[in-house]
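An overview of the molecular structure
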Amino acid sequence: MKQLEDHEAFETSSLIGHRVYALYYKDGLLCTGSDDLSAKLWDVTTGQCVYGIQTHTCAAVKFDEQKLVTGSFDNTVACWEWSSGARTQHFRGHTGAVFSVDYSDELDILVSGSSDFTVKVWALSAETCLNTLTGQTEWVTKVVLQKCKVKSLLHSPGDYILLSADKYEIKIWPIGKEINCKCLKTLSVSEDRSICLQPRLHFDGKYIVCSSALGLYQWDFASYDILRVIKTPERANLALLGFGDVFALLFDNRFLYIMDLRTESLISHWPLPEYRKSKRGSSFLAGEVSWLNGLDGHNDTGLVFATSMPDHSIHLVLWKEHS
């Protein structure tokens, strides 16, 4: 905590990569997707490129040990095998760029959000479209497939939830196969659309959190009620990177910020270089997030933040090694 408050807890590094339009982080590995028809998987600790494969143009990426799923500016979604680089599935049907993807091997479902204002639900192994969800009125910049952790008005713990977000609204959907299925709930911060949502959406099965010009909005998933609005008056339009029980990670054009959610005050900041801006929120992300639930003496290691740079490098902010 003292190092955070003295702005001495972090260090920076960089990966020399390619022109990055999409990032995804998991278990010490960072995937970068480009419009140069390639994707790379990096070991953040060593800085080594583990895999580099030829793809289509990447607007969104998500991966596991075996495969990479990409949403593309060519209006399609594809699955690729890391080890061979082969494209194993190709999903066609959107009429605009695919800006967000998520999937569940357990459900055998892939979901995609597009600039055509729709969300599509696909059978992952069969490559068939199960449903097209309409109702968003702007680019769908985020889709999230996540298990519910609380009993809500419409869900039980363990149920899978599908969220989609555009710049004004967050929609909660059933994951059924009924055609023309209706949105369960729509969340927004202003009925007259005068306030935009920032392109980062947090959902951990209990709370939905999104930032706006008015501050951070936290919804209780059990009731869909707004639990609190955390004002950030000293700096307008802080974007959300991560949200936990104790801390939130925020940033703007110049700094990373850590907020203590118990006091709702900013306790630390870290300078950022002139990174590549992304209206979709695709060119920056939080790394390890367990520390946001409280520092335990072991979880202050690894990647904190990554963003793509104009010189085609990837700027990393890491916890400083313990001396």
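Since we're looking at a predicted model, the values are computed, not measured. Numbering of residues starts from 1 in every chain and runs along the sequence as written. Predicted model: local features are reported for residues with pLDDT of at least 70 only, side-chain atom pairs are reported and counted for 80 or more only, and whole-chain, interface and lining totals are derived from all residues. Calculation of side-chain values draws on the structure's entire complement of heavy atoms; hydrogens and water are dropped beforehand.

Comments concerning the overall build of the chain
So the rule is basically this: Per the convention used, a helix needs a DSSP run of H or I reaching at least four residues, while a strand needs a run of E reaching at least two, with both numbered from the N terminus. For the radius of gyration, the atom set is restricted to C-alpha positions; the globular benchmark scales as 2.2 Å times the number of residues to the power 0.38. Each residue gets one of three labels from its accessible area relative to the maximum for its type: buried under 20%, exposed over 50%, partly exposed in between, using a 1.4 Å probe on protein chains only. Should any heavy atoms of two residues lie within 4.5 Å, those residues are counted as being in contact. Residue-level accessible areas treat just the shown protein chains as cover; the underlying method is Shrake-Rupley with a 1.4 Å probe. Counting rule applied: Lys, Arg positive; Asp, Glu negative; His and chain ends not counted. Here the site of a charge means atom NZ of a Lys, CZ of an Arg, CG of an Asp or CD of a Glu.
Of regular secondary structure, the chain possesses one helix and 28 strands. In terms of overall size, the chain behaves like a compact globule, its C-alpha atoms giving a radius of gyration of 19 Å where 323 residues would be expected to give roughly 20 Å. Each principal axis of the C-alpha distribution contributes one length, and for the chain these read about 55 × 45 × 35 Å. Taken across its 323 residues, the chain has 56% of its residues classed as buried. Taking all contacts inside the chain whose residues are at least 6 apart in sequence as the whole, residues at least 24 apart take part in 45%. On the chain, roughly 14,000 Å² of surface is accessible, and the fraction owed to carbon and sulfur atoms is 48%. Each charge class in the chain can be summarised by its mean position, and for the 31 positive and 39 negative side chains these summaries are 5 Å apart.

With respect to the side chain of S72
Rule in force here: Whenever two N or O atoms come within 3.5 Å, that pair is a polar contact, provided that in protein one can donate a hydrogen and the other can accept it, and provided that, for residues adjacent in sequence, both atoms are side-chain atoms.
Examined against the element boundaries, S72 turns out to sit in the loop between β7 (67-71) and β8 (76-81). Looking at S72, its side chain comes within polar contact range of the main-chain oxygen of T57, at 2.6 Å.

Let's talk about the sheet that holds strand β3 (residues 29-34)
Quick reminder of the rule: DSSP calls a pair of strands paired once it identifies at least 2 bridges connecting them. Angles shown run from 0 to 180 degrees and are taken between the N-to-C directions of axes, each axis being a line fitted to C-alpha atoms and, for helices, limited to the stretch in contact.
The four strands are arranged β2-β3-β4-β5 in an open sheet whose pairing can be described as antiparallel. The open sheet has two edge strands with one neighbour each: β2 (20-26) and β5 (49-54). With strand direction ignored, the average angle separating the axes of adjacent strands in the sheet is 15 degrees. Of the pairings in the sheet, the one linking β3 to strand β4 (residues 38-43) comprises five bridges and is antiparallel in character. By the bridge assignment, L30 is partnered in β4 with W42.

With respect to the pairing of β5
Successive side chains on a regular strand alternate, one facing one side of the sheet and the next facing the other. Pairing of β4 with β5 involves five bridges; the strand directions are antiparallel. Each bridged residue has a counterpart across the sheet, and for A39 the counterpart in β5 is I53. Here β4 hands over to β5 after five residues, with G47 in that stretch at a positive phi of 80 degrees.

Observations regarding empty space enclosed by the protein
For the record, the criterion: Lining residues are defined by having an atom within 4 Å of a point belonging to a cavity or pocket. Those points lie on a 1 Å grid over the protein atoms alone, cavities being sets where a 1.4 Å probe fits but cannot get out and pockets being open sets with protein on both sides within 12 Å along at least five of seven lines. Grid points are joined across faces, edges and corners, and a volume is the space filled by probe spheres set on the points. Three residue categories are used. Nonpolar comprises Ala, Val, Leu, Ile, Met, Phe, Trp, Tyr, Cys and Pro, charged comprises Asp, Glu, Lys and Arg, and polar comprises the others, including Gly.
Scanning the entire structure with this criterion turns up one cavity of 30 Å³ or more. Top contributing element to the lining of the largest cavity by residue count: strand β18 (residues 197-203), with five residues. Tallied by class, the residues present in the lining of the largest cavity amount to five nonpolar, two polar and three charged.

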